[in-house]
Every structure is written in structure tokens, then in C-alpha cells.
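Okay, here's what each chain looks like letter by letter:
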Amino acid sequence: MLPTIARDNDTVVMIDQRKLPAQEIYVRCRTAAEVAKAIKTMVIRGAPAIGVAAALGIALGMRRSTVTGTQKFAAEFYKVCDLMAGTRPTAVNLFWAIDRMKRSFAAGVAAGESVDQLKDRLDREADQIHDEDVASCRAMGTFGAQVVPDEARILTHCNAGALATAGYGTALGVVRGAVEAGKKVAVFADETRPFLQGARLTAWELVRDGIDTTVITDNMSGALMRQGRVNFVVVGADRIAANGDTANKIGTYSVAVLAREHNVPFYVAAPLSTIDLNTPDGSGIPIEERNSREVTHVGGNQLAPEGASVWNPAFDVTPHHLIAGIITEKGIFRAPYTESLRQAFAESGV
Ligand code: MRU
């Protein structure tokens, strides 16, 4: 399986996703600040992956702490959590993972654990978050495979694969699950301007797995659907509001509208850690705006003239009524999402 991120002695190692597919380079982070910088600068990206990175980064930072008393150690811990929380605003998995680390830390402090015991506890919690993410993706793959057509021509947007998670992927987990279930699968990967996660990362992963892959530019999916060449759409998510409205990579909304027009089922695949019941609907989801250079330049070459203004939102929100189902590790949830998602949490006890 693809090595997205791993703990290695007292470091965190991740594949540099800015460099793929041209170069397969690994970045070794030695401090929490280095992990935070890696998240901010997109060395690692994808909602579940940045949650895992934050957890491993917090554990790494505290493992390396030289502070002795519990009180000072706690002060440093909360500072490191704030550092991670300031990296990217949209993917709720980041905040979910930080909260989990905080809850574990608080339980350790309440139990009177020493600084060394707290360090061990944080390592264990981060490892668990990592391993649970892989297990969730595999479960999504199994559930999702059931709704993938036997002869599937799947469109996906951005990269919701092994690289965007601790391994296996959410949307690409569904693709992998369908292949493992013996279905005939071909995938169309939107290139996903401006960061090109589809052309660079999704295509790289799928080709590596020997799955039939065709890259298209983002403005081709309408024509492709009109020709009847897509019979299933699956994408990942960065944050799903309580009513099912889903923030995902910019361009996802356009794909969902096209899918509705052409009667193609549009599914979202995401773990429960991506669902934010505290945000009632999509209007409350903070959308990250990124550097204008991502739009004006491609591979270091300037496309747009100096002086032109740029709008560069990293995500958009797909309204729940365009979504056929939300594939999670606990099953596939359908409209009305306000009820079904709440029920999903109640049943899983998380
Ligand atoms: O800006 P990115 O690359 O972090 O955005 C990633 C996406 O939008 C993915 O589709 C989403 O996080 C799902 S990842 C399993």
C-alpha cells in the first residue's frame, strides 16, 4: 500500500505530494512546526491525511519536549494543538483529530500520569487515529462497491485516494473496493485545477494499481456525460454539514450539477470524522482561499497577465439534494441526511 505518512523513530515521514508524479521524494519532519508547515504548504493534503498528520505532529512535538512538570508540559501541548489548528481551515478532520488528542491528553492528566506516560499516550492515540483511518477506508470500499455498476465508468474529482488518507482512500477506496469485488472499472480523473490533484495524484495512484485511467481537463466532464460515457460519480469530502451539504475540492459542485442533468448518480465517500454535526448547513463551512499564484501560474510558468485579479477558493459546497448517498465506514446514508447522519453517530457511539 502507498506510504502516505508514517512515524519513524522520533520523526514523521511523508511523501511530498507537491512533487508527484515527477519525483517520489519523502520529507522527514523532526518537529511539530515542520509538520504544521508540511500541512500548510501541501506536502501532505486531503482531509483525512491532514488529520492524521496533525495527530502525529502533536505526538512528535510532545515526544521531543524537554519540559519536566505536567503543568508546563500541558501548556506546551495546547500551544502545539493551536499551531496545528492554524494550518488549514476547511477540512474538519484536522480539528476532529486535534480534539481527539486533547481528550486523550486530558484523560491522562486526570489519571495523574507522568510526563513520560503522557508522551506514550499521545503516541498511541496518534497511531490509533492513523490505523483507524485505513480501516475506515477499507470499510468504505466494501460498502461503496455495492452501489458501483458492474461495468463502471467512474468520474472522480481531485484526489481522494491513498494519498489523501492514511491509506487506500475514500472515493478511490470505493474504486478499489469495486475492483476487488470483481467489477469491471474504468476511471475518468478530472485534472482538478489549480493544484492538479487529479492529473498528478489520482492518475498516478490508479495507474500504479493497474486500473484503467483516463485524465480529462475539468471542462470536459459535461461533454463526457452527454455522450453517456459516465455511469457513476464518486468524490471525497473535506467537511459534511449536518444536512448533508458537502464541501470538497473546487469544481465538485459543477460535477454534481452535471451529474444531475445527465441522471448519473453522484456519491460522496467520507469517514464519520469528516461529518460536522455542529455545522447545520453548507453556508457555515469556512472555505479556504489560497494564493493567487496557483491560478496565474502553472509549473512556474505565468499564464495570466500582471494586474488581473484572481479568485482562488480551494473548495466549494455541493448542496445535499444533488447527492445520491454518503458512503461511510458505517454504511451508506441517504436523504434526509439531517436524520440519517445523526442516526449514524448515535449508532456508532462516536
Ligand atoms: O486541498 P486539498 O488537496 O487538501 O483538497 C482535498 C480534497 O478536496 C479531497 O477531495 C478531500 O479532502 C477528500 S480526501 C479523502
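Remember, it's a predicted structure, so these values are computed and weren't measured experimentally.

A.B. asks: Looking at this structure, how should I read the packing of aromatic side chains?
C.D. replies: Aromatic rings in a pair are described by how distant their centres are and how their planes are angled relative to each other. For the structure on display, the rule yields five aromatic pairs. A centroid spacing of 6.0 Å and a plane angle of 35° characterise the contact between Phe73 and Phe105, whose relative ring orientation is tilted. Remark: Phe105 occurs in helix α4 (residues 92–110) and Phe73 occurs in helix α3 (residues 70–85); sequence separation between them is 32 residues. Accessibility classification places Phe73 together with Phe105 in one group, the buried group.

A.B. asks: Sorry if this is basic, but what is going on with the sheet that holds strand β2 (residues 11–15) here?
C.D. replies: Pairing between sheet strands relies on hydrogen bonds along the backbone, with the strands arranged either parallel or antiparallel. Judged by pairing direction, the sheet is antiparallel, and its three strands sit side by side in the order β1-β2-β3 without closing on themselves. With partners counted over all chains shown, the strands left at the sheet margins are β1 (5–8) and β3 (26–29), one partner each. Ignoring strand direction, the axes of neighbouring strands in this sheet form an average angle of 25°. With four bridges joining them, β2 and β3 adopt antiparallel strand pairing. From the neighbouring strand, Met14 faces β3, where its bridge partner is Val27. Across the sheet, helix α2 (residues 47–63) touches β1, β2 and β3, and the angle it forms with β1 is around 15°.

A.B. asks: Any chance you could explain the sheet that holds strand β14 (residues 315–318) here in plain terms?
C.D. replies: As summarised here, the arrangement of the four strands in space is β11-β8-β9-β14, forming an open sheet in which the pairing is mixed. At either margin of the open sheet sits one strand with a lone partner, and together these are β11 (275–276) and β14. Summarising the sheet, strand β8 (residues 239–241) and strand β9 (residues 246–249) pair through two bridges and their orientation is antiparallel. Of the residues in β9, the one forming a bridge with Arg239 is Ala247. Taken strand by strand, helix α9 (residues 252–261) contacts β9 and β14, and its axis lies near 30° from that of β14.

A.B. asks: I'm lost on the environment of Val257 in this one. Help?
C.D. replies: Its place among the elements puts Val257 in helix α9. Among the residues examined, Val257 registers a relative accessible area of 36% and is labelled partly exposed. Each C-alpha atom of the pair Val257 and Gly325 lies 15 Å from the other, and the pair is 68 residues apart in sequence.

A.B. asks: Help me understand α3, please; the structure alone is not making it clear to me.
C.D. replies: Structurally, the α-helix is built with 3.6 residues per turn, so residues lying three or four positions apart point the same way. The end-to-end C-alpha separation of α3 is 22 Å, in line with the 22 Å expected for 16 residues at 1.5 Å each. Tucked into the core, α3 has its buried residues touching α1 (32–40), α2, α4 and α5 (115–145).

A.B. asks: Just checking my understanding: could you explain the environment of Lys184 for this structure?
C.D. replies: Secondary-structure assignment places Lys184 in strand β5 (residues 184–190). Note: C-alpha distance between Lys184 and Ser292 (108 residues apart in sequence) is 40 Å. Among residues more than four places away in sequence, those in contact with Lys184 are Asp150, Glu151 and Ala152.

A.B. asks: For this particular structure, what's the right way to read the pattern of salt bridges?
C.D. replies: When charged atoms on two side chains of opposite charge get close, those side chains can pair. With the rule as written, the count across this model stands at 17 salt bridges. Between Glu132 and Arg100 there is a salt bridge; the shortest N-O distance is 2.7 Å. Of this pair, Glu132 sits in helix α5 while Arg100 sits in helix α4, placing them 32 residues apart in sequence. Residue Glu132 is classed as partly exposed on the basis of its relative accessible area of 32%.

A.B. asks: Just checking my understanding: could you explain the domain arrangement of the protein for this structure?
C.D. replies: Many structure descriptions define interface size as the accessible area lost when the parts assemble. Annotation of the protein at the domain level lists domain 1 (5–138) and domain 2 (143–348). Counting from both sides, the interface comprises 29 residues of domain 1 and, opposite them, 33 residues of domain 2. Here domain 1 packs against domain 2, burying approximately 2,600 Å² in sum over the two surfaces, 57% of which is carbon and sulfur. Run the count over domain 1 and domain 2 and you get one salt bridge. Residue Glu288 pairs with Arg88 through a salt bridge whose shortest N-O separation is 2.8 Å. Summed over the shared surface of domain 1 and domain 2, the number is 14 residue pairs in polar contact (both at pLDDT 80 or more). For the side of domain 1 that touches domain 2, the leading source of residues is α5, giving six residues. The residue makeup of the side of domain 1 that touches domain 2, split by class, is 15 nonpolar, six polar and eight charged.

A.B. asks: Quick question: what am I supposed to make of unusual backbone geometry here?
C.D. replies: For residues besides glycine, phi is generally negative; the peptide bonds are generally trans as well. Across the junction of Leu20 and Pro21, the peptide omega takes the value 0°, indicating a cis bond. Checked against the element boundaries, Pro21 lands in the loop between β2 and β3. Residue Pro336 is reached from Ala335 by a cis peptide bond, and omega for that bond is 0°. In this model, Tyr168 sits at a positive phi of 80°, which is unusual for a non-glycine residue. For Tyr168, the location among the structural elements is in the loop between β4 (151–156) and α6 (171–180). The phi dihedral of Thr192 is positive, around 70°, even though this residue is not glycine.

A.B. asks: Just checking my understanding: could you explain the side chain of His157 for this structure?
C.D. replies: Looking at the secondary structure, you find His157 in the loop between β4 and α6. Within polar-contact distance, the side chain of His157 engages the side chain of Asp190 at 2.8 Å. Among the polar contacts made by the side chain of His157, one reaches the main-chain carbonyl oxygen of Ile250 at a distance of 2.8 Å. If we ignore the near neighbours within four places in the chain, the residues touching His157 are Asp190, Thr192, Asp218, Val234, Val235, Asn248, Lys249, Ile250, Gly251, Thr252 and Val255.

Cut-offs used in this document
Residues numbered from 1 in each chain as written. Predicted model: local features only at pLDDT ≥ 70, side-chain atom pairs only at ≥ 80, totals over all residues. Heavy atoms only, no water. Phe/Tyr/Trp six-rings, centres within 6.5 Å; stacked < 30°, edge-to-face > 60°. Helix = DSSP H or I, 4+ residues; strand = E, 2+ residues; numbered from the N terminus. Buried < 20%, exposed > 50% of the residue type's maximum accessible area, 1.4 Å probe, protein only. Pairing = 2+ DSSP bridges. Axes fitted to C-alpha atoms, helices over the stretch in contact; angles between N-to-C directions. Contact = heavy atoms within 4.5 Å. Expected span 1.5 Å × (residues − 1). Salt bridge = Lys/Arg side-chain N within 4 Å of Asp/Glu carboxyl O. Domains from an automatic or database assignment. Buried area = accessible area lost by both parts, 1.4 Å probe. Polar contact = N/O pair within 3.5 Å; in protein donor to acceptor, adjacent residues only side chain to side chain. Nonpolar A, V, L, I, M, F, W, Y, C, P; charged D, E, K, R; others polar.

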